[in-house]
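The residues making up each chain are set out below.
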Amino acid sequence: NAIARASRKYLPQYYSARRPILSYYFFNFDNSKIQSQTILYETRDGQSITDSPLYIFLELVKNEKYNNRRHVWVLKDAVSEQEALVNVPLEFRDRIEIVRRDTIEYMKWLLEAEYVITNSTFQSFYAKRPGQTYINTWHGTPLKYMGYDIPGSKTSLKNVQRNFLMTDYLLSPNEHTTHIFADRYKLNGLYEGKILEAGYPRNDVLQRRDETILGQLVADGVQLNGKLIVLYTPTWKGTSITNPSGSMQQIVAEVNVIQAMNPDKQVLVKVHPYAYSMAKQEQNLVDILIPDQYDANRVLSVTDYLITDYSSIFFDFLVTGRPIFFYAWDKEQYDLYRGMYLEDSELPAP
């Protein structure tokens, strides 16, 4: 009864606000014309222009063979174009058309783009149309339990599973990830697309140092001092992405200890996107916090030492051959409510 009352109170407001755009999508689903050579990109639900879709875009715009492609990027209303374009070189910014998420124009391109690319999932109403090619790059090698291995309710998996089953191409960086996709999301015997086990486009930038990011970080308030960079990347904790647990004061204390132990280096912090809104309120982190809009692999490219806990970011950083350290003080607790695929003895660093 409590759930029913809550549904009556909130769901009508939710759907009435979205009704015009959902109606547009449904009523035009059968008749909209696919626009040849148009690509729609959506990363992190429209929160940024980052990750492997960014590097697919950059590869296409650098190659004259693909000059006729139209590139449409999805952004949420709350994200400014200036923030989102920070990872795009100036000479390629005019190749991008911005469309705001959950608008009629957004629905139009979901219906008409010949190619749709995301690093996560499209919303639960989306269905791939005949003539569309769906590429899902996903966003990391699983260290933490994924799919049906995650303890508790499996309701949140439904849209991920549905999206995977729609893809024409699902990118995988390694054999382990391919196995998780196929087995832990129960795609075996159902999946008709192709899993491309060929690495991540986002890791190309790790073949060199992207020094341009240093000046951009300084302009955005990060206090760099020219020393070797130690990047601390604690992942988000808890069971709800809208309410991550963990203490920012603890992260501050940890950073202070690491910095005191390494006076010849500079410690910077990049938190998980789910925890960023809390981190940016912490005044003791302001000068060393990497803004959320920066592509993580651009930051990794200029990182000399990585300290992390349960973040799959270390799999990418392995490409550089630079030192990694694991700081997982709460491993037993984390294992209890989430679980991990690798034991301490299997990790590639101390």
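Placed above this text is the structure.
These numbers come from a predicted model, not from an experiment.

Visitor: I'd like a description of the overall build of the protein chain, backed by residues and values.
Guide: The secondary structure content of the protein chain amounts to twelve helices and eleven strands. Rg of the C-alpha trace for the protein chain: 21 Å, near the compact-globule value of 20 Å for 350 residues, within the 12% margin. Dimensions of the protein chain along its principal axes, counting C-alpha atoms only, are 65 × 55 × 40 Å. Looking at the protein chain as a whole, 50% of its 350 residues qualify as buried. Counted over contacts in the protein chain with a minimum sequence separation of 6, partners at least 24 positions apart contribute 69%. Of the roughly 17,300 Å² of accessible surface on the protein chain, 51% is carried by carbon and sulfur atoms. Positive and negative side-chain charges of the protein chain, numbering 38 and 41 respectively, have mean locations separated by a distance of 6 Å.

Visitor: Can you tell me about the pairing of strand β5 (residues 133-136), naming the residues and giving the values?
Guide: Side chains Thr133 and Ile135 of β5 all project onto a buried face; the interleaved residues Tyr134 and Asn136 project onto the opposite face, where all are buried too. Here β5 pairs with strand β6 (residues 169-172) via two bridges, running parallel. Paired with asparagine 136 across the two strands is leucine 170, which belongs to β6. The parallel pair β5 and β6 is bridged by helix α5 (residues 157-166), and the resulting crossover is right-handed.

Visitor: Account for the sheet that holds strand β10 (residues 305-308), with residues named and values stated.
Guide: Taken in spatial order, the four strands line up as β9-β8-β10-β11 in an open sheet, and their pairing is parallel. In this open sheet, the two strands that pair with only one neighbour each are β9 (265-269) and β11 (324-326). Direction aside, neighbouring strands of the sheet carry axes that sit 20° apart on average.

Visitor: For the sheet that holds strand β7 (residues 194-197), give the residues involved together with the corresponding values.
Guide: Strand order across the open sheet formed by seven strands is β3-β2-β1-β4-β5-β6-β7, with parallel pairing between neighbours. Edge strands, defined here as strands with exactly one partner in the open sheet, are β3 (96-100) and β7. With direction set aside, neighbouring strand axes in the sheet form an average angle of 25°. Taken together, the five bridges between strand β2 (residues 70-75) and β3 define a ladder with parallel strand orientation. From the neighbouring strand, valine 74 faces β3, where its bridge partner is valine 99. Along the sheet, helix α4 (residues 104-112) makes contact with β1 (35-42), β2, β3 and β4 (113-118), crossing β1 at roughly 125°. In this fold helix α6 (residues 175-184) packs onto β6 and β7, with an angle of close to 135° to the strand it touches most, β6.

Visitor: How would you sum up the layout of surface pockets? Please name residues and give values.
Guide: A volume near 670 Å³ is recorded for the second largest pocket. Elements supplying a minimum of two residues to the lining of the second largest pocket: α2 (51-62), β4 and α7 (212-219). Considering each element in turn, the lining of the second largest pocket owes the most residues, seven residues, to α2. Classifying every residue of the lining of the second largest pocket by side-chain character gives 17 nonpolar, three polar and nine charged.

Visitor: Any details on the packing of aromatic side chains? Residues and values, ideally.
Guide: Applying the stated rule across the entire model yields 15 aromatic pairs. Geometrically, the ring pair formed by tyrosine 41 and phenylalanine 57 is edge-to-face, given 6.0 Å between the ring centres and 85° between the ring planes. On the criterion of sequence distance, the pair formed by tyrosine 41 in strand β1 and phenylalanine 57 in helix α2 is long-range, its members being 16 residues apart. Taken together, the aromatic side chains of Tyr25, Phe26, Phe29 and Phe125 make up a single cluster linked through ring pairs. The ring of tryptophan 109 has lysine 108 sitting right over it, with the charged end atom 5.0 Å from the ring centre. A cation sits over an aromatic face here: arginine 129 above phenylalanine 29, 5.7 Å from the ring centre.

Visitor: Let's hear about α6: which residues, and what values?
Guide: Of the residues making up α6, those classed as buried are Thr177, Thr178, Ile180, Phe181 and Ala182. Residues of α6 that are buried sit in contact with α5, β6 and β7. Within two residues after α6, lysine 186 carries a phi angle of roughly 55°, on the positive side.

Visitor: Kindly report on the environment of threonine 133, identifying the contributing residues and their values.
Guide: Its location among the elements puts threonine 133 in strand β5. Distance from threonine 133 to aspartate 344, taken between C-alpha atoms, is 40 Å for residues 211 residues apart in sequence.

Rules of the game
- In this numbering scheme, every chain counts its residues from 1 along its sequence in written order.
- Under the rules for a predicted model, residues below a pLDDT of 70 receive no local features and side-chain atom pairs below 80 are neither given nor counted, while totals for whole chains, interfaces and linings still include all residues.
- Side-chain numbers come from the whole structure's heavy atoms, not from hydrogens or water.
- Numbering of helices and strands runs from the N terminus; a helix is a DSSP stretch of H or I covering at least four residues, while a strand is a stretch of E covering at least two.
- This radius of gyration counts C-alpha atoms alone. The globule rule is 2.2 Å times how many residues there are, raised to the power 0.38.
- Here the term buried applies to any residue with accessible area under 20% of the maximum for its type, exposed to any over 50%, and partly exposed to those in between, with areas from a 1.4 Å probe on protein chains only.
- Residue contacts are counted whenever heavy atoms from the two residues lie within 4.5 Å of one another.
- In short, Shrake-Rupley with a 1.4 Å probe defines the accessible areas, and a residue's cover is counted only from the protein chains shown.
- In this count, Lys and Arg are taken as positive residues and Asp and Glu as negative ones, while His and the chain termini are left out.
- Positions of charges follow a simple convention, taking NZ of Lys, CZ of Arg, CG of Asp or CD of Glu.
- A pair of strands is considered paired only if DSSP assigns at least 2 bridges between the two.
- Seen with its strands pointing away from the viewer, a crossover is right-handed when the path leading from the first strand over the helix to the second is clockwise.
- Note on geometry: axes are C-alpha line fits, over the in-contact stretch for helices, and angles between N-to-C directions span 0 to 180 degrees.
- The rule is simple: put a 1 Å grid over the protein atoms alone, call a set of points where a 1.4 Å probe fits but cannot get out a cavity, call an open set with protein on both sides within 12 Å along at least five of seven lines a pocket, and count a residue as lining if it has an atom within 4 Å of a point.
- Grid points are joined across faces, edges and corners, and a volume is the space filled by probe spheres set on the points.
- When residues are grouped by polarity, Ala, Val, Leu, Ile, Met, Phe, Trp, Tyr, Cys and Pro land in nonpolar, Asp, Glu, Lys and Arg in charged, and all others, Gly among them, in polar.
- Planes of paired rings set the category: under 30 degrees apart is stacked, over 60 is edge-to-face and the rest tilted, where pairs are Phe, Tyr or Trp rings (Trp by its six-membered ring) whose centres lie within 6.5 Å.
- Only Lys NZ and Arg CZ are tested; either one counts as a charge over a ring when it is within 6 Å of the ring centre and within 35 degrees of the ring normal.

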